[in-house]
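The lines below spell out each chain.
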Amino acid sequence: MRKRLITLSIMALAINYSCSSSKSTVSLPMTQNDEKIDEKYKDNPFFTKSSLPYQAPDFDKIKDEHYQPAFDFGLQQQLAEIELITKNAEAATFENTVLALENSGKVLKRAQIIFYNMTSANTNDALQALQEKYAPIFAAHYDKIYLNEDLYKRIKSVDTKNLNSESKRLVEYYLQNFEIAGANLSVENKTKLKEINQQLASLSTQFGSKLLEARKNGAVLFDDVKELDGLSADDIAAAANDAKKAGFDGKYLLALQNTTQQPLLQNMKNRASREKLFKASWTRAEKGDANDTRETIEQLAKLRLEKAQLFGKKNFAEWKLQDQMAKTPEAAFGLMKQLAKPAVETAKKEAAEIQSLIDQQKGNFKLEPWDWNFYAEQVRKAKYDLDENEIKPYFELKTVLEKGVFFAAEKFYGITFKQRTDLPVYHPDVVVYEVFDHDGKSMALYYLDFYTRNNKSGGAWMNNFVEQSHLLGQKPVITNVFNYQKPADGKPSLISFDDVTTMFHEFGHTLHGLFANQDYVSLSGTNVPRDFVEFPSQINEHFALEAEVLKNYAVHYQTKKVMPQALVDKIKKASNFNQGYATTELVAAALLDMTYHTVSKTQDFAPVLEFEKQALLSNGVALSQVPPRYHSPYFAHVWGGGYSAAYYAYIWSETLDSDAWEWIKANGGMTRENGDRFRKYILSIGNTKDLNRTFEEFTGRKASIEPLLRTRGFIK
């Protein structure tokens, strides 16, 4: 997924106001980029553009104490810039109004973009305290901008007839954002909205902080190595090392990943240990302690409904989806339910197959969620003679990255990569590459942070440190963050094929950012609707199994031999294995999210666990053995991220992805011509065009769900 920062898409440089004849007496705060230099800010790296290549962050200079002064100054500076725009005596033009707004807030934006990356990837108590303090302050700040009636009126009055297409789109973008934010509301409702927005910002931040602690405290401690029977020697060594670091020398600590199911469950032979690990995951944030998120969730859901109804909308989803590809909750529900029915039917068959295996082994128990992956792995071995432990030695992390992910990108798009060791990073595990276009010109920097830490949010994501803009002369600086288990010292970093797919997926987001080709940051790269943003990442997953790519990176870390074709064939034959389960857990989470956000009466909400149970039942996805990918108390996408009423986007985007991949395969496959076409119509357009239309321009047809159903093995 791509984690979106909760900031406006505003540029990092101030507008040149010398062209204005305004008589306003408003004065701007001065920074080191202005004529006067304020000495008290001279050592704060956020007050000037970085002098490093690509304006890369000065991580060796950035300290926790730099954020608050930059926030305070930046808030003041941007409001002063906004006042200059609204008090300008000249008629509103694109340059003195829309572009001036786009260019405002340089110090604030510079500090925020690093701050929110750090609070996700490398947080600490000081940053978490700042996050809680400033969440309502930032919400109030953006309300001052987006509910500013004078500013809204000036944007509405801008004459667009002589503007180029991207500039026209920028005007439309701001008008839509102002209206969605509440610019047309009454004074009374604007006041209510400001209060709600501040509460929502605080609650969302509280949820994130609680969940981080719940995940950390939910790590499972085992006393005896026998309890971990089935795990590899490297997994056990890593667990012992983690326990030692936590002060439990001689024991074994298994950290929780963000999802419901935990990757190690598929190998754990001890059923009691499996149950212990699963239940620690499932109940991590519902223990009635300080990190219980349920009350926070209930408040968030009710406030979101109240906010939507200020706009005259029936529910939050109706308000949220108006600028998305789906447009309406009904369209999103319709697509999800087309997928849910065959997924559940398939999952029931898979459950029966697993139960049969349990009975054959005289297990004398009913299949439970903590058993699924362990026995599914045995079914997979029996059906396809495929053992995950046989596969992992062929997937050494750096080889997968450089010989797989990078190799595929070079073949399809012509881009190349060179590691940089001269740039500062925020953690010793982070590595940096410079990216070069097909003509050899440098185009971006790419940071990777691979390993899980107890101060890092769960999951995997892409963000920008610097966003692309021709107007500003900015090339993209992009980061991918993962949560792979770090191996013990001296051991290779071997990952599963699921982890391989995740790496290709997140790099797909990176490609979307790399190929950005816009003048304005607000429209650049991945600043697109949620239900489109996952399309480039999901289509990039397909390259992991392309024969030419796979043979280049699937190399045994010890023997250096390429994966045998017989093993490759097994992986491909097994690619649709367990798809009923995988799809059901995904669509269940998406339907759960949409159900929360289509409630239209406050009294229809119920306590979190009860609401979830009823939501799954009413949508036909309540299978006891197949819990949703994210249980409500730790559904970070929805309560702490930007995917509220939008988790369906993964399914919507995968519909686009499957259809587009069928087109690519039918038109020559992995060719540079197809890569250039995908770059032209999909990856480089940002949010400058109608995305439904650009998809049709690429494939020559409207998207259909049938390719997705074929990809998942639900139809032939």
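Residues numbered from 1 in each chain as written. Predicted model: local features only at pLDDT ≥ 70, side-chain atom pairs only at ≥ 80, totals over all residues. Heavy atoms only, no water.

### Overview of the overall build of the protein
Part 1 of the reasoning: Secondary structure summary: the protein contains 27 helices and seven strands in total.
Part 2 of the reasoning: Its C-alpha atoms give the protein a radius of gyration of 25 Å, within 12% of the compact-globule value 27 Å for 716 residues.
Part 3 of the reasoning: If one aligns the C-alpha atoms of the protein with their principal axes, the spans along those axes are about 85 × 60 × 55 Å.
Part 4 of the reasoning: Out of the 716 residues belonging to the protein, those deemed buried represent 59%.
Part 5 of the reasoning: Of the roughly 28,700 Å² of accessible surface on the protein, a fraction of 47% belongs to carbon and sulfur atoms.
Part 6 of the reasoning: Within the protein, the 92 negative side-chain charges are centred at a point lying 1 Å from the centre of the 90 positive side-chain charges. (Helix = DSSP H or I, 4+ residues; strand = E, 2+ residues; numbered from the N terminus. Rg over C-alpha atoms; globule rule 2.2 N^0.38 Å. Buried < 20%, exposed > 50% of the residue type's maximum accessible area, 1.4 Å probe, protein only. Areas by Shrake-Rupley, 256 points an atom, 1.4 Å probe, with all protein chains shown as cover. Lys, Arg positive; Asp, Glu negative; His and termini not counted. Charge placed at Lys NZ, Arg CZ, Asp CG, Glu CD.)

### Points about the domain arrangement of the protein
Part 1 of the reasoning: For the protein, the assigned domains are domain 1 (44-184), domain 2 (220-283) and domain 3 (392-562 + 647-715).
Part 2 of the reasoning: Using only C-alpha atoms to locate each centre, domain 2 and domain 3 end up separated by 31 Å.
Part 3 of the reasoning: Contact with domain 2, which involves six residues of that partner, is made by seven residues of domain 3.
Part 4 of the reasoning: Between domain 2 and domain 3 lies a buried interface of about 590 Å² when both sides are counted; carbon and sulfur atoms form 45% of it.
Part 5 of the reasoning: Taken as a group, D234, A238 and N258 account for 53% of the area that domain 2 buries against domain 3, more than any other trio of residues on that side.
Part 6 of the reasoning: Between D234 and K491 there is a salt bridge whose closest N-O contact spans 3.9 Å. (Domains from an automatic or database assignment. Contact = heavy atoms within 4.5 Å. Buried area = accessible area lost by both parts, 1.4 Å probe. Salt bridge = Lys/Arg side-chain N within 4 Å of Asp/Glu carboxyl O.)

### Let's talk about the pattern of salt bridges
Part 1 of the reasoning: A complete count under the given rule lists 33 salt bridges for this structure.
Part 2 of the reasoning: Among the ionic pairs, D371 bridges to R274, the shortest N-O distance being 2.8 Å. With a gap of 97 residues between them, D371 in helix α13 (residues 369-384) and R274 in helix α9 (residues 271-282) connect regions that are remote in the sequence. With respect to burial, D371 and R274 carry one shared label: buried.
Part 3 of the reasoning: Ionic contacts of the salt-bridge type, sharing partners, join the residues R271, R274 and D371 into one network.

### Some thoughts on the side chain of D58
Part 1 of the reasoning: In this structure, D58 sits in the segment before α1 (67-86).
Part 2 of the reasoning: Within the buried set, D58 has no salt-bridge partner at all; the shortest N-O distance to an opposite charge, 4.4 Å, is to K61.
Part 3 of the reasoning: Residues within four places of D58 in sequence aside, it is in contact with P45, S50, S51, L52 and P424.

### Let's talk about the packing of aromatic side chains
Part 1 of the reasoning: Summed over the entire model, instances satisfying the criterion amount to 58 aromatic pairs.
Part 2 of the reasoning: With centroids separated by 5.4 Å and ring planes inclined at 65 degrees, the aromatic side chains of F59 and Y426 adopt a geometry described as edge-to-face. Of this pair, F59 sits in the segment before α1 while Y426 sits in the loop between β3 (416-420) and β4 (431-436), placing them 367 residues apart in sequence. Note on accessibility: F59 and Y426 belong to one class, buried.
Part 3 of the reasoning: A connected cluster of aromatic rings, assembled from ring pairs, spans F46, Y67, F71, F115, Y116, Y134 and F138.
Part 4 of the reasoning: The positively charged end of R271 is found above the aromatic ring belonging to F365, 3.7 Å away from the centroid. (Phe/Tyr/Trp six-rings, centres within 6.5 Å; stacked < 30°, edge-to-face > 60°. Lys NZ or Arg CZ within 6 Å of the ring centre and 35° of its normal.)

### Description of the environment of E298
Part 1 of the reasoning: As for its placement among the helices and strands, E298 is situated in helix α10 (residues 294-310).
Part 2 of the reasoning: Relative accessible area serves as the criterion here: at 26%, E298 is assigned to the partly exposed category.
Part 3 of the reasoning: Sequence spacing of E298 and Q78 is 220 residues, and the spatial spacing of their C-alpha atoms is 34 Å.
Part 4 of the reasoning: Those residues in contact with E298 that sit more than four places away from it in its chain are A606, P607 and V608.

### A closer look at the pairing of strand β5 (residues 442-451)
Part 1 of the reasoning: Of all 10 residues making up β5, nine are buried, and the element is well covered by its neighbours.
Part 2 of the reasoning: Between β4 and β5, which follow one another and run antiparallel, lie five residues, and G440 among them has a positive phi close to 90 degrees.
Part 3 of the reasoning: As paired elements, β5 and strand β7 (residues 477-484) share six bridges and run parallel to each other. In the strand pairing of β7, Y451 is matched with Y484. (Pairing = 2+ DSSP bridges.)

### As for unusual backbone geometry
Part 1 of the reasoning: Of note in the backbone geometry, Y54 takes a positive phi value of approximately 65 degrees without being a glycine.
Part 2 of the reasoning: Relative to the helices and strands, Y54 is located in the segment before α1.
Part 3 of the reasoning: Overall, the relative accessible area of 15% leaves Y54 in the buried class.
Part 4 of the reasoning: The phi angle at K560 is positive, at roughly 65 degrees, despite the residue not being glycine.

### Considering empty space enclosed by the protein
Sizing a probe to match a water molecule and rolling it over the atoms shows the empty space that remains.
Part 1 of the reasoning: By the definition in use, this model includes four cavities of 30 Å³ or more.
Part 2 of the reasoning: The wall of the largest cavity is formed by 21 residues, among which Q55, R110, I113, F465 and V466 lie closest to the centre.
Part 3 of the reasoning: Put simply, the parts of the chain that give the lining of the largest cavity at least two residues each are α3 (106-121) and β6 (461-466).
Part 4 of the reasoning: With four residues, α3 is the single largest residue contributor to the lining of the largest cavity.
Part 5 of the reasoning: Tallied by class, the residues present in the lining of the largest cavity amount to 12 nonpolar, four polar and five charged.
Part 6 of the reasoning: Two domains share the lining of the largest cavity, each providing at least three of its residues, namely domain 1 (44-184) and domain 3 (392-562 + 647-715). (1 Å grid on protein atoms, 1.4 Å probe; cavity = no way out; pocket = protein on both sides within 12 Å on 5 of 7 lines; lining within 4 Å. Points joined across faces, edges and corners; volume = space filled by probe spheres on them. Nonpolar A, V, L, I, M, F, W, Y, C, P; charged D, E, K, R; others polar.)

### Looking at the sheet that holds β3
Part 1 of the reasoning: Taken together, five strands build an open sheet; the order of strands is β3-β4-β5-β7-β6 and the sheet is mixed. The open sheet has two edge strands, β3 and β6, and neither has a second partner. The sheet shows a mean angle of 30 degrees between the axes of neighbouring strands, taken without regard to direction.
Part 2 of the reasoning: With five bridges connecting them, β6 and β7 associate as antiparallel partners. Its bridge partner being in β7, V466 is matched across the sheet by V477.
Part 3 of the reasoning: Its contacts with the sheet place helix α16 (residues 497-514) against β3, β4, β5, β6 and β7, and it is angled at close to 165 degrees to β7. (Axes fitted to C-alpha atoms, helices over the stretch in contact; angles between N-to-C directions.)

### Side note on the layout of surface pockets
Part 1 of the reasoning: Looking at the second largest pocket, its volume works out to about 610 Å³.
Part 2 of the reasoning: In terms of lining residues, the second largest pocket is bounded by 22 residues, among which D242, K245, T452, R453 and N454 are the most central.
Part 3 of the reasoning: Secondary-structure elements contributing two or more residues to the lining of the second largest pocket are α7 (187-217), α8 (233-245) and β2 (252-254).
Part 4 of the reasoning: Ranked by residue count, the leading element in the lining of the second largest pocket is α8, at four residues.
Part 5 of the reasoning: Of the residues in the lining of the second largest pocket, the class split is nine nonpolar, five polar and eight charged.

### Some remarks on the nonpolar core
Part 1 of the reasoning: Core analysis: the largest hydrophobic core is formed by 151 residues, its most contacted members being M336, F395, I415, M503, F504 and Y553.
Part 2 of the reasoning: Considering every element that reaches this core, the biggest residue donor is helix α12 (residues 329-360), with 13 residues.
Part 3 of the reasoning: Contacts of M503, omitting those with residues within four sequence positions, involve L397, V400, L401, V405, F450, F482, Y484 and I495.
Part 4 of the reasoning: Grouped together as the second largest cluster of nonpolar side chains are 62 residues, I62, A100, Y152 and Y173 included. (Core = buried A, V, L, I, M, F, W, Y, C linked by side-chain atoms within 4.5 Å.)

### Considerations on the packing of helix α15 (residues 397-413) against α16
Part 1 of the reasoning: In contact at an axis separation of 11 Å, α15 and α16 are set at 45 degrees when each is read in the N-to-C sense. In this view, α15 runs oblique relative to α16, as classed from their interaxial angle. Pair α15 / α16 crosses with right-handed handedness. Along its contact with α15, which presents L397, V400, L401, G404, V405, F406, A408, A409 and Y413, the element α16 presents V500, M503, F504, F507 and L511.
Part 2 of the reasoning: Across the contact of α15 with α16, the residue classes break down as 13 nonpolar, one polar and no charged. (Parallel < 35°, antiparallel > 145°, perpendicular 65-115°, else oblique. Left-handed = near helix turned anticlockwise from the far one by under 90°.)

### Observations concerning the environment of E548
Part 1 of the reasoning: Take E548: it is sitting in helix α19 (residues 547-553).
Part 2 of the reasoning: Apart from the residues lying within four places of it in its own chain, the contact partners of E548 are F407 and K411.

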